[in-house]
Every structure is written in C-alpha cells, then in structure tokens.
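Residues per chain are reported as follows:
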Amino acid sequence: MKKRLNLNELMWFLILIGFTCYFYMIISTNKLTLFVHPKMVKYVNFALYFFIVLVIFQGKNICELKKEKSFKFGYIMFLIPLFLGFLLKPEGVSVYSAINKGFSLTSQLKIDALKHKHTVLEDGTEVCEHNDENTHVVENTSDIENTSAVENNNVKLPIPIESISLIKGETINVTNENFVNTYEDLYGNTKQNIGRRLYMKGFVYKQKGLDKDEFILARILVSCCAADAQLVGVLCDFPQVKEFTEGTWVNIEGILGQREYADSKNGEISIIPIIKVNKIEKTDEQSNEYIYN
C-alpha cells in the first residue's frame, strides 16, 4: 500500500520545528536573560537539544500509514503562542511595569533587630524600644519638636543628614556583580555604613509619600525568572531631583546616612539607609535592566 502524507503528523512536525527555531533565536541573540536567570540558561539549552531530537523522530512519522483521521484543530493552541513569539519583539520586565508592581522601603529590611517602636506616654515622653538592644531610650518630645516630625508617613532623624561627616577612604562602588551583597549590607548594617561615600547606578523612582527632595534609586531584582522580578532600591536625598523624570537612568555619588521611616500600613518605624547625593548625572538605559540574585 502506497504511503500518503499524514496531515496531522506534518502539522506537529512543523510546530516542533517552529519552537526549535524560536528557542535558537532567543539563545543566539542573547535575549534569554530577559526572561530567566542566567543560572537557568543551561536548562533552556537542554530544551533546545531535546526539541531537535523530537523533530528528527517526528520527521519519520510524516508519511506513516495510519488510520485516516480528521485534522486536529487543537494544534491551534500551539500555533498562537508560537506566532506571537516571532511577531512580538522579545522584551522583559520594563522599568514602569516593575514600578506598577509596587515597592515598600520597610520591606527591604532583612534583619528584625533593626526595627523598633515608638510609644508616647501620658506625660508626653516618647519611649523608643529597640529589638537589638534590651534598653529603652527615653526622649522628651518637646526637645525634638523642631527636629523630628512625621510628614507623609516619613519620620526624620533628630540629626540632619547634612551634618554627617565623611569617613575618608571608605568608599562603596556598587556594581551589578556586588549589588545584592552590598544592598543587604546597607540595610543590615545601616549604622556601620554612615559616612561612607557611595557610587551607584539605577533609575529614578518617585514613590508617593516621600519628601519633595527625595527619590528612590532603584533596580529590578530577578531571582529565577521575569515573573518574580521585584523592585529594590535605596532612598536618596537630592534638592534638584525634580529635574529628572521617573524612570531616568542615572549615576550618583553621595554620602550614606540613616533615617527613620514609618510604614504607611502599620505605622511601624524602622531605620533605613539614605544617600545624601552630591553628584548625579544621566546615563544610558541598560540593555539588560536586571540584577540577578
């Protein structure tokens, strides 16, 4: 009996070729890291080789003698994403989509000991309870009335950031490679880093509730794939920040300090790092905007 072309097997063969070509295109054009962490690339490479094997074996079935069957319209479910994959330009998580996910400065804290609570007693005194020290610091609110205030959910430290002295020779140069470790150190050892000079690149994020001179120097952190991308950043103080639109990539140079920040949801006050920016300049947008954890 003469062999005839099996339409269903041919369609599945073409679909497998399509996915193989798409995987190859993403890998060869270095677009893969827009979707997955670099440590996952080896698995995608394996998937490409697996598709090649499937194409070879499926090619043998195109002209096999089989009982006549009607065309399976279920193949359309595979053709639609394949068509969109080739039609649309591969893009990862953009700056603005990351911003829309939301961001909380207090959620950046990794160590519970940094958190403390303020309680106002009946006589007007303020008790500050620190978890890292089994002591209570009592301050009279009348003495700090002019130096500590709650504005837009922010609580300023009694010592203004402008008075922080520079520790000579203590410089932090934040790069993509050391970003995660440096970032955790800034939030985990805020007090020890006061006075250090810092150089860092990121984009401007003007979160609601901050003072007019404040902004967040932000980056997008990816742990596994683009689906888990989250916004991370450090609070900055710069009087001319209004000259920079949200999403603008900048290089900054500044001095590290600390300040108190009140969580807008539960009112809990935490110590967070802040950068007193001395110099800021625009820079080109990154071809890959992610920091990989």
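These lines cover the structure that appears in this document, whether it is placed above or below. The structure presented is a predicted model; accordingly, all values stated were derived computationally and were not measured. (Residues numbered from 1 in each chain as written. Predicted model: local features only at pLDDT ≥ 70, side-chain atom pairs only at ≥ 80, totals over all residues. Heavy atoms only, no water.)

## Some remarks on the overall build of the protein
Next up, step 1: Looking only at helices and strands, the protein has five helices and 12 strands in total.
Next up, step 2: Buried residues in the protein amount to 41% of all 293 residues.
Next up, step 3: A fraction of 72% describes how many contacts in the protein between residues 6 or more apart in sequence connect residues 24 or more apart.
Next up, step 4: Accessible surface, the protein as shown: approximately 17,400 Å² in total, 56% of it carbon and sulfur. (Helix = DSSP H or I, 4+ residues; strand = E, 2+ residues; numbered from the N terminus. Buried < 20%, exposed > 50% of the residue type's maximum accessible area, 1.4 Å probe, protein only. Contact = heavy atoms within 4.5 Å. Areas by Shrake-Rupley, 256 points an atom, 1.4 Å probe, with all protein chains shown as cover.)

## A closer look at the environment of Gly-202
Next up, step 1: With respect to the helices and strands, Gly-202 occurs in strand S7 (residues 197–205).
Next up, step 2: Under the relative-accessibility criterion, Gly-202 is labelled buried at 0%.
Next up, step 3: Sequence spacing of Gly-202 and Ile-216 is 14 residues, and the spatial spacing of their C-alpha atoms is 9.0 Å.
Next up, step 4: With residues up to four places along the chain from it excluded, the contact list for Gly-202 reads Leu-217, Ala-218, Arg-219, Thr-248, Trp-249 and Val-250.

## Regarding the environment of Tyr-205
Next up, step 1: Counting through the fold element by element, Tyr-205 comes out in strand S7.
Next up, step 2: For the pair Tyr-205 and Val-95, spaced 110 residues apart in sequence, the C-alpha to C-alpha distance is 9.2 Å.
Next up, step 3: Sequence-distant contacts of Tyr-205, defined by excluding residues within four places in its chain, comprise Ile-99, Phe-103, Phe-215, Ile-216, Ala-218, Leu-231 and Glu-246.

## So, the pairing of strand S8 (residues 214–222)
Look at any regular strand and the pattern is simple: side chains alternate between the two faces of the sheet.
Next up, step 1: By the criterion of burial, S8 is predominantly enclosed, with nine of the nine residues buried.
Next up, step 2: Neither face of S8 is exposed, since Glu-214, Ile-216, Ala-218, Ile-220 and Val-222 on one face and Phe-215, Leu-217, Arg-219 and Leu-221 on the opposite face are all buried.
Next up, step 3: The pairing of S7 with S8 spans three bridges and is classified as antiparallel. The residue bridging Tyr-205 from the neighbouring strand is Ile-216, located in S8.
Next up, step 4: The pairing of S8 with strand S9 (residues 230–237) spans eight bridges and is antiparallel. (Pairing = 2+ DSSP bridges.)

## A look at the nonpolar core
Next up, step 1: Leu-105, Phe-215, Leu-231 and Ile-252 are the most contacted members of the largest nonpolar core, which has 48 residues in total.
Next up, step 2: Of all the secondary-structure elements, those providing two or more residues to this core are helix H4 (95–100), helix H5 (179–188), S7, S8, S9, strand S10 (249–262), strand S11 (269–282) and strand S12 (290–292).
Next up, step 3: Here this core gets seven residues from one element, more than from any other, and that element is S8.
Next up, step 4: When residues no more than four places from it in sequence are discounted, the contact partners of Ile-252 are Leu-198, Tyr-199, Met-200, Leu-217, Cys-236, Ile-275, Val-277, Lys-279 and Ile-280.
Next up, step 5: Residues Leu-32, Phe-51, Val-55 and Ile-62 belong to the second largest nonpolar core, which totals 15 residues. (Core = buried A, V, L, I, M, F, W, Y, C linked by side-chain atoms within 4.5 Å.)

## A short note on the pattern of salt bridges
Next up, step 1: Tallied over the entire structure, the rule returns three salt bridges.
Next up, step 2: Its salt-bridge partner being Glu-253, residue Arg-197 comes within 2.4 Å of it at the nearest N-O pair. With a gap of 56 residues between them, Arg-197 in strand S7 and Glu-253 in strand S10 connect regions that are remote in the sequence.
Next up, step 3: Residue class for Glu-253 comes out buried when judged on its relative accessible area of 11%.
Next up, step 4: Its salt-bridge partner being Glu-214, residue Arg-259 comes within 2.4 Å of it at the nearest N-O pair. Highlighted residues: Arg-259 in strand S10 and Glu-214 in strand S8, separated in sequence by 45 residues. (Salt bridge = Lys/Arg side-chain N within 4 Å of Asp/Glu carboxyl O.)

## Focus: a nonpolar patch on the surface
Next up, step 1: A cluster of nonpolar side chains, namely Phe-73, Ile-76, Leu-79, Ile-80, Phe-83, Leu-84, Leu-87 and Leu-88, defines an oily patch on the protein surface of about 800 Å² accessible area.
Next up, step 2: Relative to the helices and strands, Leu-79 resides in helix H3 (residues 76–87).
Next up, step 3: The partly exposed category is assigned to Leu-79, whose relative accessible area is 33%. (Patch = residues over 30% accessible without salt bridge, like charges linked within 9 Å, V, L, I, M, F, W, Y side chains within 5 Å.)

## Some details on helix H1 (residues 7–28)
Next up, step 1: For H1, spanning 22 residues, the distance from its first C-alpha to its last is 31 Å, which sits close to the expected 32 Å at 1.5 Å a residue.
Next up, step 2: Residues of H1 that are buried in the fold lie against helix H2 (41–59) and H3.
Next up, step 3: After H1 finishes, the residue Asn-30 shows a positive phi value of roughly 60 degrees. (Expected span 1.5 Å × (residues − 1).)

## With respect to the pairing of S7
Next up, step 1: As defined by bridge partners, strand S6 (residues 171–173) adjoins S7 across three bridges and the pair is classed as parallel. Paired with Asn-173 across the bridge in S7 is Tyr-199.
Next up, step 2: Read as a crossover between parallel neighbours, the route from S6 over H5 to S7 is right-handed.
Next up, step 3: For S7 and S10, the ladder comprises seven bridges, and the chain directions are antiparallel. The partner of Met-200 across the bridge, within S10, is Ile-252. (Right-handed = clockwise from strand over helix to strand, strands pointing away.)

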